[in-house]
Amino acid sequence: MRTFIKHRADASFFPLSLYDQVRLKKLCAVARRLDNAFCIPATSSNFSLRASSTTALISRSGLHKRLLTPRDFIRIQFDGQALRKHAPKPSDETLLH
């Protein structure tokens, strides 16, 4: 359980539940496998998870997916807007998710 302590919040500073931490760590592992197989070039591609019935967690823009961690996800509304005013920029393709 110790490995989850460093990922207590997402990039928009919302706390991550243990359930979200586990799901995001698995998604990050998938991103690394895809990167190792040369399926996603550098900063292209985005990854997302549904967080609730009205929100999702999406990878932030401009980050190499090989380096993706649970802290690199932004909590957004389904209209593509980050839930926090000063959150990092979500991907330009957010609405496709």
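As a reminder, the structure under discussion sits directly above these lines.
Nothing here was measured: the structure is a model prediction, and the numbers come from that model. (Residues numbered from 1 in each chain as written. Predicted model: local features only at pLDDT ≥ 70, side-chain atom pairs only at ≥ 80, totals over all residues. Heavy atoms only, no water.)

Novice: So what about the overall build of the chain? Which residues, and what values?
Specialist: A count of helices and strands for the chain gives one helix and three strands. Within the chain, buried positions represent 40% of all 97 residues. Approximately 6000 Å² of the chain is accessible, and the part contributed by carbon and sulfur atoms is 57%. (Helix = DSSP H or I, 4+ residues; strand = E, 2+ residues; numbered from the N terminus. Buried < 20%, exposed > 50% of the residue type's maximum accessible area, 1.4 Å probe, protein only. Areas by Shrake-Rupley, 256 points an atom, 1.4 Å probe, with all protein chains shown as cover.)

Novice: Explain the side chain of K65 to me, and be specific about the residues and the numbers.
Specialist: Along the polypeptide, K65 turns up in the loop between β2 (55-59) and β3 (73-77). We classify K65 as buried; its relative accessible area is 1%. Within the structure, K65 has its side chain in polar contact with the backbone oxygen of S45 (distance 3.1 Å). Contact partners of K65, with chain neighbours within four places excluded, come to A31, R32, I40, A42, T43, S44, S45, N46, F47, S59 and R60. (Polar contact = N/O pair within 3.5 Å; in protein donor to acceptor, adjacent residues only side chain to side chain. Contact = heavy atoms within 4.5 Å.)

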